[in-house]
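A closer look at the structure
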Amino acid sequence: MWSVNVVYAQVVDVVTAESVVSTAQAAGIQTPLEPLPSVALGAQEVSPLEMASAYGTFAADGQNVEPVMVTYIETSEGVNVYEAIPVVTTSFDPSTARTVTAALTQVVERGTGIQAQIGRPVAGKTGTSQAYRDAWFVGFTPELVASVWVGFPEAAISMVPPATPYTIPGGTWPAQVWSRFA
């Protein structure tokens, strides 16, 4: 396995952290992000829902669909009493979204996300915070986007023995959970 984080850090250096923050916001990240060089490496907290929304923008060829908690409600008689109206925004040119998807496909095909393979095309990215306190996999197929976070919710506890059976980076439990879900 290999990680492309060095490449992402180099990209931030060239395009600026401010540009990365702007791009993240266009993709669907609503949490305020500071334009620091580490922004593209996931050094700031963002919710799993926002991550899924942002990656969904790439899966949808650059169209961001604002997440909704309830898509519709119907009575026991089958009468529709509520239906959410999706808010769709064009965030990126389709060719840009496809280029990002191509790069994220490589993460699963031969990078740190290989444990997310499901026998059909998948794009995604693993993430591991400092000292293994958080581990992520956010991935998508043409039909599904999902985000998996693994960690200790009560405190920033390193996921290393003896707290866990072995050290937990994003390419392990999060990618495995994602593959079983997808």
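Residues numbered from 1 in each chain as written. Predicted model: local features only at pLDDT ≥ 70, side-chain atom pairs only at ≥ 80, totals over all residues. Heavy atoms only, no water.

**Digging into the side chain of Ser-179**
Heads up, the rule is: Numbering of helices and strands starts at the N terminus; helices are DSSP runs of H or I of at least 4 residues and strands are runs of E of at least 2. Here a polar contact means two N or O atoms within 3.5 Å. Within protein one must be a hydrogen donor candidate and the other an acceptor candidate, and residues neighboring in sequence count only if both atoms are side-chain atoms. Here, residues are in contact when the closest pair of their heavy atoms is within 4.5 Å.
Its place among the elements puts Ser-179 in helix H5 (residues 173-181). For Ser-179, the side chain forms a polar contact with the main-chain oxygen of Gln-176, separated by 2.9 Å. Among residues more than four places away in sequence, those in contact with Ser-179 are Gln-115, Ala-116, Gln-117 and Ile-118.

**Quick look at the sheet that holds strand S6 (residues 134-140)**
How we decide: Paired strands, as defined in this entry, are two strands with at least two bridges between them according to DSSP. All axes here are fitted lines through C-alpha atoms, helices being fitted over the stretch that makes contact, and every angle between N-to-C directions spans 0 to 180 degrees.
Across the sheet, which stays open at both edges, the three strands sit in the order S5-S6-S7 with antiparallel pairing between neighbours. Strands at the two margins of the open sheet, each flanked by one partner only, are strand S5 (123-128) and strand S7 (145-151). Across the sheet, the mean angle from the axis of one strand to that of its neighbour is 10 degrees, orientation sign disregarded. Relative to S7, S6 runs antiparallel, the two sharing seven bridges. Along S7, the bridge assignment pairs Trp-136 with Trp-149. Strand contacts of helix H3 (residues 48-59): S5, S6 and S7, with the helix running at about 30 degrees to S6, the strand carrying the most contacts.

**Let's talk about unusual backbone geometry**
What counts is decided by this rule: Residue burial is assigned from relative accessible area. The probe radius is 1.4 Å, only protein chains are included, and a residue is buried under 20% of its type maximum, exposed over 50%, and partly exposed in between.
In this structure, Pro-162 follows Pro-161 across a cis peptide bond, with omega equal to 5 degrees. Looking at the element boundaries, Pro-162 is found in the loop between S7 and H5. Even without a glycine there, the phi angle at Asp-61 is positive, about 55 degrees. The exposure class assigned to Asp-61 is partly exposed, which follows from its relative accessible area of 28%. Here the phi dihedral of Tyr-132 falls at roughly 60 degrees; this positive angle occurs in a residue that is not glycine. Tracing the sequence through the fold places Tyr-132 in the loop between S5 and S6. Relative accessible area serves as the criterion here: at 33%, Tyr-132 is assigned to the partly exposed category.

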